[in-house]
Amino acid sequence: MKRILGFTALSLAVAAFSGTAIGLPGGEDDRVQLTTSVDQIEILRCIGYAQTRLTLHNTTADHQYGDVFLRPTGPLQLSRSQWSTYTPTGLDPALPLRVRVAPDAPAGDYELGYQLGDRQLASTPVKVVSDPATQCVPSGRMTATATSSQGTDDASRAVDGDPSTIWRSAAGALPQSITIDLGGVYDISELRYQPRFDGLLNGHINAYTLAVSTDGTTFTTVRTSTWGASELMKSARLTTPAQGVRKLRLTATAARNNFAAVAELHPLGVPIDVPEVSATALTVPNDLFAGKSVNAVVTAGNWTNDPLEIEATVDVPAGWTTQPVRVMVPPGRTLPINVPVTPAPVAFPEPGVQPEVTLTGRAAPVGGGNVDGAPTATVWVKPDPTVFASARDAGTPSSVVIIGGYTRLAPDSAEWIGTPPSSRDRGAGSDALRRDHVFATGEATLRLALPPGKRRVALLRGDVTAATGPMVVKADGATLVGAGPALRAREFAWERFVLDGGPAGRTVDLTLSGSGGEWKLAALLIDRSVLEDGGAGGTVPATLSLTLGAAASFGSFRPGVERTYDAGTTATVISTAGDATLTASGPVRLRNGAFSLSEPLSVSLSRATWNAPVSNDEVVIGFRQQIGANEPLRSGIYSGTVTFTLATTNP
């Protein structure tokens, strides 16, 4: 066996489609010839790859051994860059080669060069074609189902953007179909089919029908044809584009070895109802601490033909902070984008149920455009343990203790006096603070070490899986937490009280007990801040104040006409008494000198009693006067005086 280091540098020719040699025979070293399966390569940028096959042919009677070096130019990327091979007589070894470009690669003409040993040979021209007016349906938006599959080679492998994976139908039974949901509405003009490229043509589809659906249910056949058996990418081009397509179905009616195999399917068309950008997922770290920034990850997809600057944002509750992030996303691809979010700081937990927080991720082209998707993530926010004198995570002796300053409180902890509670860990599905807890139905006593001074203490109770019974907490002969309401599964509540550590600190025995069902303790916090008693005071003088508005006037009375006249004013009440009553004198008749009206004046009050102190409470006072048609009226002014009294029995 001889090792061939190179071949003579004679006139060189591009490999023909039929497989002519690159190095023309004639030189002493031209004993092994290199051929390629295509004479040129064209890569549609939105597909991003093309494939060829290199073959070595030994022209001598001796076995040969040599090295093939591959030299791509520009943006070309190869599945391998070197081929060291043994070339026997009568057997031509072959190398499958995949040539890739990035989605944003510049369109243009490039070369794939070859070197055998130390000799440079001719190159294969490679043309990168910019996306046409019709674009590839992005693999990230497509889903697929099939009439059958073998093992893990299911239908999703045909639209996963990876030509090294395949869909295989069940063996021995044709026809078989694969149906693609385009993830939008397109006018479809072409379907490209990449057969498996692993040296085997088993399952190569030789005859097919292509059908489309506009409603996702009813399919119409738009093409029936055949493909020649080879590893090259095939095309099913429609004479007239199929309009408004939501799904397409490729049915293999004949295939090698009586089953169908597909590496990739690439529909091409004009988008009709397809977003430019979508937010497809939102992930947030499970352990989220109050006041501490983390990255929420928004997965954003660019479904256009061109690179696009996308702004990712996260909707957060009031008091949180966040900042939008802009990233350039290649066409037809999704990228995870880190968006910083910071929960509102918590000085000390407020008592009551602490709900889960829902965050919403969004993505949009910078400058605006058609978008869809608003993925959500639900999280709990944990108090930052570094701001407390003590932070305990209750659970089993072996369960997860969250990082950042929490310490374990388990049944084997020394602080339990007498019979300790039981414990359980619910496993993944919650944050580390809430996934585990200690519990009991009877009493358990926890000896708590208090720092000096008055300190707030908070207990977190609840369970991610099951309901939680009420918890009663006692210490120093007093009930600190009474039997509150039971909690539903995945509901957590903080209970809060104050304990005095005295001037030097002390231990306090907390007695925990239930009141129907299991009580469950998930966490315990002791405040770092010391509560100090202080005071301020002031004196309120006894006050009963009644202020009347402008005098009421009925206007002109009309003689000989029966009519009811209305007028009104207001009164403002200020009272520091425990109660107050407003009354009006009467009956009062309006008089004009020696003449008076026959009907008394009617007085109404919008409010007349108060059961507590009041300030500047406005009362509407109504006056009504009835005058009959036969009422004798003297010219001049009729008037009367009503006395209003504000009184109290509890000054």
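It should be emphasised that the depicted structure is a prediction, and the values quoted were computed from it without experimental measurement. (Residues numbered from 1 in each chain as written. Predicted model: local features only at pLDDT ≥ 70, side-chain atom pairs only at ≥ 80, totals over all residues. Heavy atoms only, no water.)

**A word on the side chain of Glu190**
Here is step 1: Relative to the helices and strands, Glu190 resides in strand 14 (residues 176–194).
Here is step 2: The class for Glu190 is buried, based on a relative accessible area of 3%.
Here is step 3: Separated by 2.9 Å, the side chains of Glu190 and Arg192 make a polar contact.
Here is step 4: Within the local environment of Glu190, its side chain forms a polar contact with the side chain of Arg237, the two groups lying 3.3 Å apart.
Here is step 5: Other than its neighbours up to four places away in sequence, Glu190 contacts Ser235, Ala236, Arg237, His266, Pro267 and Leu268. (Helix = DSSP H or I, 4+ residues; strand = E, 2+ residues; numbered from the N terminus. Buried < 20%, exposed > 50% of the residue type's maximum accessible area, 1.4 Å probe, protein only. Polar contact = N/O pair within 3.5 Å; in protein donor to acceptor, adjacent residues only side chain to side chain. Contact = heavy atoms within 4.5 Å.)

**Overview of the pairing of strand 22 (residues 294–302)**
Here is step 1: Most of strand 22 is tucked away, with eight of its nine residues classed as buried.
Here is step 2: Sheet topology note: the strand 20 (residues 277–283)/strand 22 ladder contains six bridges and is antiparallel. Note on strand 22: the bridge partner recorded for Val277 is Asn302.
Here is step 3: Here strand 22 pairs with strand 26 (residues 333–342) via nine bridges, running antiparallel. Residue Val294 lies in a different strand from strand 26, and its bridge partner there is Val341. (Pairing = 2+ DSSP bridges.)

**What about unusual backbone geometry?**
Here is step 1: Residue Pro175 is bonded to the preceding Leu174 through a cis peptide linkage, with omega at 5 degrees.
Here is step 2: Structurally, the position occupied by Pro175 is in the loop between strand 13 (167–168) and strand 14.
Here is step 3: The residue Asp476 is not glycine, and still its phi comes out positive at about 55 degrees.
Here is step 4: If you trace the backbone, Asp476 turns up in the loop between strand 39 (471–475) and strand 40 (478–481).
Here is step 5: For Asn616, which is not glycine, the phi torsion reads 55 degrees and is therefore positive.

**Notes on the confidence of the model for the chain**
Here is step 1: Per-residue pLDDT for the chain averages 89, and the proportion of residues at 70 or more is 95%.
Here is step 2: Looking over the chain, one finds the lowest element-wise mean pLDDT in strand 1 (residues 2–4), namely 30, and the highest in strand 15 (residues 205–213), namely 98.
Here is step 3: Across residues 1–28, confidence stays below pLDDT 50; counting only partners more than four residues off in sequence or on other chains, it has 87 contacts. (pLDDT = per-residue confidence, 0-100.)

**Describing the packing of aromatic side chains**
Here is step 1: Scanning the entire structure with this criterion turns up eight aromatic pairs.
Here is step 2: Between the aromatic rings of Phe348 and Phe388, the centroid separation amounts to 5.8 Å while the plane-to-plane angle is 70 degrees, which identifies the pairing as edge-to-face. Within this pair, whereas Phe348 is found in the loop between strand 26 and strand 27 (352–353), its partner Phe388 is found in strand 32 (residues 388–394), the two being separated by 40 residues in sequence.
Here is step 3: Taken together through their ring pairs, the aromatic side chains of Phe554, Phe557, Tyr565 and Tyr638 make up a single cluster.
Here is step 4: In this structure, Lys292 packs its charged tip against the face of Phe289, placed 5.9 Å from the ring centre. (Phe/Tyr/Trp six-rings, centres within 6.5 Å; stacked < 30°, edge-to-face > 60°. Lys NZ or Arg CZ within 6 Å of the ring centre and 35° of its normal.)

**Remarks on the sheet that holds strand 22**
Here is step 1: Ordered by their spatial adjacency, five strands build an open sheet running 24-26-22-20-29, and the pairing between neighbours is mixed. Looking along the sheet, the strands with just one partner apiece sit at the ends: strand 24 (321–322) and strand 29 (371–372).

**A closer look at the state of the cysteines**
Here is step 1: Taken as a whole and judged by the stated rule, the model has one disulfide.
Here is step 2: A sulfur-sulfur distance of 1.9 Å marks the disulfide that ties Cys46 to Cys136. Measuring handedness by torsion sign, the sulfur bridge of Cys46 and Cys136 sits at about 50 degrees and is right-handed. With Cys46 in the loop between strand 3 (41–44) and strand 4 (49–58) and Cys136 in strand 11 (residues 135–136), this pair connects stretches of sequence that are 90 residues apart. As far as burial versus exposure is concerned, Cys46 and Cys136 are alike and both buried. (Disulfide = S-S within 2.5 Å.)

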